[in-house]
Amino acid sequence: EDQVTQSPEALRLQEGESSSLNCSYTVSGLRGLFWYRQDPGKGPEFLFTLYSAGEEKEKERLKATLTKKESFLHITAPKPEDSATYLCAVQVLSSNTGKLIFGQGTTLQVKP
Amino acid sequence: KAGVTQTPRYLIKTRGQQVTLSCSPISGHRSVSWYQQTPGQGLQFLFEYFSETQRNKGNFPGRFSGRQFSNSRSEMNVSTLELGDSALYLCASSRLRTGGNYGYTFGSGTRLTVV
């Protein structure tokens, strides 16, 4: 069964304290792995798409990496405005659809 | 540039009633997907439409249905509402059927409460 697991469930950081969020996946074949950010009361906001092991993408303080079994979202020197829930989702190659399978998310709180 | 618009934002319905939710995708986006988000189950896929055709359906009962119009706008309908249908319903659109490097743009959702 295709599955996505994110850890930790919750993470509290001090401003400037770098850390990483993990997304482990089990799929029959990976078309793409997506990272989203979701603020309370809003829909998820697209961050990155990764396709193959070894790929990396960066945006401001965020850097996403991909291996054959997991993806990491590295947050460098976070600020309070980075507080949000970060969601990881996979798209299965064999399904030939846009369906995303989401993990449960990591809720990040950055304290000033 | 207008984003994905979902209406209404909030809805309170009684058990047994039916409800229709609307989604207007970003102009030019022909792919529209729907997701249900609850605290316990997270985000779960409901349907995907592309060029007015349903391409995939998630593991939800037949009470959940949807459609897409020629202008790419989409509606989803839930009949015979149950308390467990209370959730945030999210619509997402994309210019590419599988999202690609553009990903999917989500609306702010419709918060449905069934009492």
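Note that the structure is predicted; figures quoted are calculated from it, not measured.

A.B. asks: Can you walk me through the interface of chain B and chain A in this structure?
C.D. replies: Where the parts come together, the accessible area they lose is often given as the size of the interface. Counting from both sides, the interface comprises 23 residues of chain B and, opposite them, 21 residues of chain A. Carbon and sulfur atoms supply 50% of the area buried between chain B and chain A, which totals about 1,700 Å² over both sides. The interface formed by chain B and chain A includes 0 salt bridges. For the pair chain B and chain A, the number of links is 9 residue pairs in polar contact (both at pLDDT 80 or more). If you list the elements that add at least two residues to the side of chain B that touches chain A, you get β4 (31–38), β5 (42–50), β6 (53–57) and β9 (87–94) of chain B.

A.B. asks: Would you mind going over the state of the cysteines with me for this structure?
C.D. replies: Should the sulfur atoms of two cysteines be covalently bonded, the bond is a disulfide. For the coordinates displayed, the defined rule picks out 2 disulfides over all chains. Between the sulfur atoms of A:Cys23 and its disulfide mate A:Cys88 the distance is 1.9 Å. The disulfide joining A:Cys23 to A:Cys88 has a torsion of about -55° about its S-S bond and is therefore left-handed. With a gap of 65 residues between them, A:Cys23 in strand β3 (residues 19–26) and A:Cys88 in strand β9 (residues 84–92) connect regions that are remote in the sequence. With a relative accessible area of 0%, A:Cys88 lands in the buried category. Sulfur-sulfur distance for the disulfide between B:Cys23 and B:Cys91 comes to 1.8 Å.

A.B. asks: Help me out: how do you make sense of the pairing of strand β8 (residues 74–78) of chain B in this one?
C.D. replies: Residue and element names in this part refer to chain B. Across the 5 residues that make up β8, a large majority, 5, are buried. Neither face of β8 is left uncovered, since the one carrying Ser74, Met76 and Val78 and the one carrying Glu75 and Asn77 both have all their residues buried. For strand β3 (residues 19–24) and β8, the ladder comprises 5 bridges, and the chain directions are antiparallel. Across the sheet, Leu21 pairs through a bridge with Met76, a residue of β8. Across 5 bridges, the pairing between strand β7 (residues 64–68) and β8 is antiparallel. Opposite Ser65, over in β8, you have Asn77 as the bridge partner. Between β7 and β8, which pair antiparallel and follow one another directly, the connecting turn spans 5 residues, one of which, Ser72, has a positive phi of 75°.

Reading guide: rules and limits
- Residues numbered from 1 in each chain as written.
- Chains lettered and ligands numbered in written order.
- Predicted model: local features only at pLDDT ≥ 70, side-chain atom pairs only at ≥ 80, totals over all residues.
- Heavy atoms only, no water.
- Contact = heavy atoms within 4.5 Å.
- Buried area = accessible area lost by both parts, 1.4 Å probe.
- Salt bridge = Lys/Arg side-chain N within 4 Å of Asp/Glu carboxyl O.
- Polar contact = N/O pair within 3.5 Å; in protein donor to acceptor, adjacent residues only side chain to side chain.
- Helix = DSSP H or I, 4+ residues; strand = E, 2+ residues; numbered from the N terminus.
- Disulfide = S-S within 2.5 Å.
- Buried < 20%, exposed > 50% of the residue type's maximum accessible area, 1.4 Å probe, protein only.
- Pairing = 2+ DSSP bridges.

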